[in-house]
Amino acid sequence: MVDLKKTLGIVLALGPALLCPAEAAGAADADVGKAKFQKSICVQCHGLEAQGMAGMGMDLRHAPLIKSGNASAIEKFIENGHRGTSQYPGGMPPNGGIRLTTADRANIAAWLLSLAK
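Asker: What should I look at first to understand the overall build of the chain in this one?
Answerer: Across its full length, the chain carries 7 helices and 0 strands. Element order for the chain, N to C, with α for helix and β for strand: α-α-α-α-α-α-α. Sorting the 117 residues of the chain into buried and exposed places 27% on the buried side. Across the chain, every contact between residues at least 6 apart in sequence was considered, and the portion connecting residues at least 24 apart equals 49%. Total accessible area on the chain is roughly 7,700 Å²; 61% of this is exposed by carbon and sulfur atoms.

Below is the structure:
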């Protein structure tokens, strides 16, 4: 016989994992990240395939931060943005100037990391 109290306790404890196992486990999805990147204003400076745009945004496929393989650092960079430089005077606003969730940043970072391989 099934102990409903025990079963309910397990379901409540695992709730997020049952609804979205990948996100609950902290797994980022590169395909979702690519779609988010390509449907955002990121492409205005970095291009559709993250190839960069002269004077606007660097080629992310060869960026040192991406090549470092550190997803957390990439996510933090996306979250905080950065000031302009002589090469890219516009800089990058936090979250690329759009609304991104923690999961969005993780997914975008996963896609960017997949480009550096």
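What follows picks up the thread again.
Asker: Looking at this structure, how should I read the nonpolar core?
Answerer: The nonpolar side chains of soluble globular proteins are, as a tendency, buried together. Core analysis: the biggest nonpolar cluster contains 14 residues, and Phe37, Ala50, Ile74, Ile108 and Leu112 have the highest contact counts within it. Contributing elements (two or more residues each) for this core: α6 (71-80) and α7 (102-115). Take this core: its biggest share by element is 5 residues, from α7. Residue contacts for Ile108: discarding those within four places in its chain leaves Gly33, Lys36, Phe37, Ile78 and Leu100.

Asker: Explain the confidence of the model for the chain here, please?
Answerer: Caution is warranted with low-pLDDT regions, since their predicted coordinates should not be read in detail. Across the chain, pLDDT averages 85, with 78% of residues at or above 70. Between residues 15-25, whose pLDDT stays under 50, and residues either more than four places distant or in other chains, the model counts 6 contacts.

Asker: What exactly am I supposed to notice about the pattern of salt bridges here?
Answerer: Opposite charge on two side chains lets them pair, provided their charged atoms get close. On inspection of all chains with the given rule, the structure shows 3 salt bridges. Residues Lys36 and Asp104 are paired through a salt bridge, measuring 3.8 Å at the closest nitrogen-oxygen approach. One end of the pair, Lys36, is in helix α3 (residues 30-38); the other, Asp104, is in helix α7, with 68 residues separating them in the sequence. For Lys36, a relative accessible area of 31% translates into the label partly exposed. One salt bridge connects Arg105 with Glu79, and the closest N-O pair in it is separated by 3.9 Å. Of the two residues, Arg105 sits in helix α7 while Glu79 sits in helix α6, which places them 26 residues apart along the sequence.

Asker: Got a minute to help me understand unusual backbone geometry in this structure?
Answerer: Comment: phi is negative for the bulk of residues other than glycine, and the bulk of peptide bonds are trans. Despite not being glycine, Ala50 has its phi angle at roughly 65°, a positive value. Along the chain, Ala50 falls in the loop between α4 (42-46) and α5 (64-67). Residue classification places Ala50 among the buried residues on the basis of a relative accessible area of 0%. Even without being a glycine, Asn95 presents a positive backbone phi close to 55°. Considering the arrangement of structural elements, one finds Asn95 in the loop between α6 and α7. Taking relative accessible area as the criterion, Asn95 reaches 15% and is therefore assigned buried.

Calculation notes
- Residues numbered from 1 in each chain as written.
- Predicted model: local features only at pLDDT ≥ 70, side-chain atom pairs only at ≥ 80, totals over all residues.
- Heavy atoms only, no water.
- Helix = DSSP H or I, 4+ residues; strand = E, 2+ residues; numbered from the N terminus.
- Buried < 20%, exposed > 50% of the residue type's maximum accessible area, 1.4 Å probe, protein only.
- Contact = heavy atoms within 4.5 Å.
- Areas by Shrake-Rupley, 256 points an atom, 1.4 Å probe, with all protein chains shown as cover.
- Core = buried A, V, L, I, M, F, W, Y, C linked by side-chain atoms within 4.5 Å.
- pLDDT = per-residue confidence, 0-100.
- Salt bridge = Lys/Arg side-chain N within 4 Å of Asp/Glu carboxyl O.

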